[in-house]
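Examination of the molecular architecture
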Amino acid sequence: DYVVKVVITKVESKTLEYGSNYDLPNNLVKTGYSFLGWYTEPNGGGTKVTSDSTVTVTNDHTLYAHWEKGTYTVTTNYHYYYQNTTWTHFDTRTDVVNCGDSFTPYNITAPTGYYAGNNYSYYGDAYYDEFLGNGTVGENSLIVDQDIYVDVTYLPNQYTISYNANGGSGAPAAQTKYYATPLTLSSTIPTKSGYRFVGWYPDNPNATSSVYSAGGSYTVNAGATLYAVWGSETVTFDFNLGITEQI
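Summarised in this report is the structure supplied together with it. (Residues numbered from 1 in each chain as written. Predicted model: local features only at pLDDT ≥ 70, side-chain atom pairs only at ≥ 80, totals over all residues. Heavy atoms only, no water.)

Next up on the list: the overall build of the protein. Helix and strand content of the protein: zero helices and 18 strands. Burial statistics for the protein: of 247 residues in total, 34% are counted as buried. In the protein, the proportion of contacts linking residues at least 24 apart, taken out of those at least 6 apart, comes to 60%. A total of about 14,800 Å² of accessible surface is found on the protein, and carbon and sulfur atoms cover 44% of it. (Helix = DSSP H or I, 4+ residues; strand = E, 2+ residues; numbered from the N terminus. Buried < 20%, exposed > 50% of the residue type's maximum accessible area, 1.4 Å probe, protein only. Contact = heavy atoms within 4.5 Å. Areas by Shrake-Rupley, 256 points an atom, 1.4 Å probe, with all protein chains shown as cover.)

Right, dumping it as structure tokens:
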């Protein structure tokens, strides 16, 4: 009979009799990897050896644990800021990434009226409780060592609403209109000597009637210059003819 010394890398060394079973440990754990078994050469080379395999080699030899890199899922949820008050989910993408590899969050086609905010946050759970960090979409990568949930945000387009007193003075300051969000126009009323303010008309300084009133609601998803519309000032006269009744 031969007595053979078997070196089981990273675990232990044991002495076995020729013709006996290897009786190998199979409960090995390596973070981010799956254990695929024991082999006579590194990286899964040579012959696979199991606990039931028989020792048929008469000299000392080494068995190597073979590992396969595990994978994790990166779930990216995309949201847009509806009416500038509520985050609304509109798409989800799933990517499978090898453990320890980097992953760079990416943008997708933006919903109509929105643009990529280029910011992301990522979490260790689907309920956004385990905050792990944030970064810039397309630039900052993250290391995947567990299942990860990424939140990418999109913002509403912005439009500038300017005011022109159209020969008068005291026009309000410009305002910003957000996509899908009604804008309450300024309640400030300009003045013009000898005229009364009728209202505002978009992009036409020669209008004779108005579309918007001061403090009214602007709902168009586009920028505009609102021109003051002026009407003739109305003057009321009281006449006293100075007639004295005689008796």
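It is worth spelling out the sheet that holds strand E18 (residues 224–232) at this point. One open sheet accounts for four strands, arranged E14-E13-E18-E16; its pairing is mixed. Looking along the sheet, the strands with just one partner apiece sit at the ends: strand E14 (175–178) and strand E16 (195–202). Going from strand to strand, the sheet's axes swing by 30° on average, the running direction of each strand aside. Bridge count between strand E13 (residues 158–164) and E18: four bridges; the pairing is parallel. Within E18, the residue paired with asparagine 164 across the bridge is tyrosine 227. (Pairing = 2+ DSSP bridges. Axes fitted to C-alpha atoms, helices over the stretch in contact; angles between N-to-C directions.)

Now for the pairing of strand E7 (residues 86–98). Alignment of strand E6 (residues 71–82) against E7, held across 12 bridges, turns out to be antiparallel. If you follow threonine 76 over to E7, its bridge partner there is arginine 93. Between the end of E6 and the start of E7, which pair antiparallel, lie three residues, with glutamine 83 showing a positive phi angle near 50°.

Another point: the nonpolar core. Counting residues in hydrophobic clusters, the biggest one holds 16 residues, and the most contacted among them are Tyr120, Leu142, Val144, Val150, Val152 and Tyr154. Within the residue set of this core, elements represented by two or more residues are E6, strand E9 (114–123) and strand E12 (148–156). Of all the elements, E12 adds the most residues to this core, at four residues. Membership of the second largest hydrophobic core comes to 12 residues, among which are Ile161, Tyr163, Leu183 and Phe197. (Core = buried A, V, L, I, M, F, W, Y, C linked by side-chain atoms within 4.5 Å.)

This paragraph deals with unusual backbone geometry. The phi angle at asparagine 84 is positive, at roughly 60°, despite the residue not being glycine. A relative accessible area of 27% means that asparagine 84 is categorised as partly exposed. Residue alanine 180 is not a glycine yet carries a positive backbone phi of 65°. By the element assignment, alanine 180 lies in the loop between E14 and strand E15 (183–184).

The next subject is the sheet that holds E12. Judged by pairing direction, the sheet is mixed, and its five strands sit side by side in the order E7-E6-E12-E9-E10 without closing on themselves. Edge positions in the open sheet fall to E7 and strand E10 (131–136), since each of these has one partner strand only. Ignoring strand direction, the axes of neighbouring strands in this sheet form an average angle of 25°. The sheet contact formed by E9 and E10 spans five bridges and is antiparallel. Across the sheet, residue tyrosine 123 finds its bridge partner in E10, namely phenylalanine 131.

Once that is clear, we can look at the pattern of salt bridges. Using the criterion set out here, one finds two salt bridges in the structure. The partner of arginine 93 in a salt bridge is aspartate 91, with the nearest N and O atoms 3.4 Å apart. By relative accessible area, which is 33% here, arginine 93 ends up partly exposed. By relative accessible area, which is 23% here, aspartate 91 ends up partly exposed. (Salt bridge = Lys/Arg side-chain N within 4 Å of Asp/Glu carboxyl O.)

Take the packing of aromatic side chains next. The final tally for this structure, using the stated rule, is 17 aromatic pairs. Look at tyrosine 123 and phenylalanine 131: their rings are 5.6 Å apart centre to centre, the planes differ by 65°, and that puts the pair in the edge-to-face class. When the ring of tyrosine 163 is compared with that of tryptophan 200, the centres are 5.0 Å apart and the planes differ by 65°; the resulting orientation is edge-to-face. Of this pair, tyrosine 163 sits in strand E13 while tryptophan 200 sits in strand E16, and the two are 37 residues apart along the sequence. The ring of tyrosine 33 has lysine 30 lying over it, and the distance from NZ or CZ to the ring centre is 4.3 Å. (Phe/Tyr/Trp six-rings, centres within 6.5 Å; stacked < 30°, edge-to-face > 60°. Lys NZ or Arg CZ within 6 Å of the ring centre and 35° of its normal.)

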